[in-house]
Amino acid sequence: MTNEEVVKEKFYADLDNILRKTPKEDKLILLGDFNARVGGNSTSWSRTIGKYGVWKLNATQMLPLAKRSTWMHPRSKRWHLIDYAIVRQRDLKDVCITQAMCGAECQTDHRMVRMKLKMIIQPQRRKVAFKDVRKLNVDRLKSNEIKNDFSAKMDTALNQIADRPSDSVHDKWKELKNQILKVSKETLGTKSKKQPDWFEENIG
């Protein structure tokens with residue numbers, strides 16, 4: 001391959017790599033002068049190009065040639081379509097119209113491509129972390145053995161926090177909360193909900 005072909009292949013490889021890394025839930029709009037034509041094989045590329053090219057019209061395609069072509073060949077003076085606005089297949093419903101128009105710069109053989117969109121962007125849902133809201137089984141403190149065990153473990157945990165003077169007040173409070181919860185769960189455990197069987201409610 002020539003140097004120009006190598007540069008072109010690298011460009012499309014880099015572009016493909018970027019597009020593949022784009023999250024599927026994101027809106028993707030690709031604009032540019034790709035200096036390429038899509039061809040006329042509408043059978044193989046039915047989801048990409050239609051049956052009618054730049055120079056053909058039917059009853060449902062009423063845009064004039066000036067709004068369907070973007071570049072004029074310098075020798076033949078024939079207009080071609082080489083500038084594109086590309087979206088995902090699922091986002092085609094958001095595109096109202098895409099057409100070429102004359103830009104403010106007159107010293108160019110390209111026309112500007114304008115695309116009108118009607119996009120509805122869904123708000124991103126925040127992921128709520130699961131919180132353990134089970135209640136501690138404080139009834140176990142009625143046992144003197146468990147009460148003494150809980151008190152001893154709590155004293156040990158509090159002494160460990162007090163021996164670290166370098167911690168800030170915020171860090172100490174966070175550590176105190178974590179230690180209280182840890183000792184409480186290890187010693188007391190949590191209450192388990194006992195739901196009566198549905199058939200017991202109907203007895204009698």
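Trainee: What is the right way to read the confidence of the model for the chain from this model?
Mentor: Low-pLDDT stretches of the model should not have their predicted coordinates read in fine detail. Mean pLDDT over the chain: 77, with 75% of residues reaching 70 or higher. Model confidence for the chain, summarised as mean pLDDT per element, is weakest for helix α4 (residues 198-201) at 54 and strongest for helix α1 (residues 3-21) at 88.

Trainee: Just to check I follow, could you spell out the nonpolar core for this structure?
Mentor: One recurring pattern in soluble globular proteins: nonpolar side chains tend to sit buried together. In terms of nonpolar packing, the biggest core is built from 6 residues, these being Ile146, Phe150, Met154, Ala157, Val183 and Leu188. Element by element, the count of residues in this core is highest for helix α2 (residues 144-162), at 4 residues. Sequence-distant contacts of valine 183, that is, excluding residues within four places in its chain, are made with Phe150, Lys153, Met154, Ala157 and Leu188.

Trainee: Where do I start with the layout of surface pockets in this structure?
Mentor: By rolling a water-sized probe across the atoms, one finds the places where empty space is left. When its volume is computed, the second largest pocket comes out at roughly 290 Å³. Lining of the second largest pocket is provided by 13 residues; of these, Glu25, Lys27, Ile120, Ile121 and Gln122 occupy positions nearest its centre. When grouped by side-chain class, the residues that make up the lining of the second largest pocket number 3 nonpolar, 2 polar and 8 charged.

Trainee: Could you clarify how one ought to interpret the pattern of salt bridges in this entry?
Mentor: Close approach of charged atoms lets side chains of opposite charge pair. Tallied over the full model, the rule gives 6 salt bridges. Between arginine 20 and aspartate 16 there is a salt bridge, with the nearest N and O atoms lying 2.7 Å from each other. Taken as a pair, arginine 20 and aspartate 16 lie in helix α1 at a separation of 4 residues, close to a single helical turn. Note on arginine 20: relative accessible area 67%, which makes it exposed. Since its relative accessible area comes to 37%, aspartate 16 is described here as partly exposed. The residue lysine 27 makes a salt bridge to aspartate 91 at a minimum N-O spacing of 3.1 Å. Pair noted here: lysine 27 is in the loop between α1 and β1 (29-33) and aspartate 91 is in the loop between β4 (83-87) and β5 (95-101), with a separation of 64 residues, a long-range link. Overall, the relative accessible area of 34% leaves lysine 27 in the partly exposed class. Put simply, Lys27, Arg90, Asp91 and Asp94 are held in one network by salt bridges that share partners.

Thresholds applied
Residues numbered from 1 in each chain as written. Predicted model: local features only at pLDDT ≥ 70, side-chain atom pairs only at ≥ 80, totals over all residues. Heavy atoms only, no water. pLDDT = per-residue confidence, 0-100. Helix = DSSP H or I, 4+ residues; strand = E, 2+ residues; numbered from the N terminus. Core = buried A, V, L, I, M, F, W, Y, C linked by side-chain atoms within 4.5 Å. Buried < 20%, exposed > 50% of the residue type's maximum accessible area, 1.4 Å probe, protein only. Contact = heavy atoms within 4.5 Å. 1 Å grid on protein atoms, 1.4 Å probe; cavity = no way out; pocket = protein on both sides within 12 Å on 5 of 7 lines; lining within 4 Å. Points joined across faces, edges and corners; volume = space filled by probe spheres on them. Nonpolar A, V, L, I, M, F, W, Y, C, P; charged D, E, K, R; others polar. Salt bridge = Lys/Arg side-chain N within 4 Å of Asp/Glu carboxyl O.

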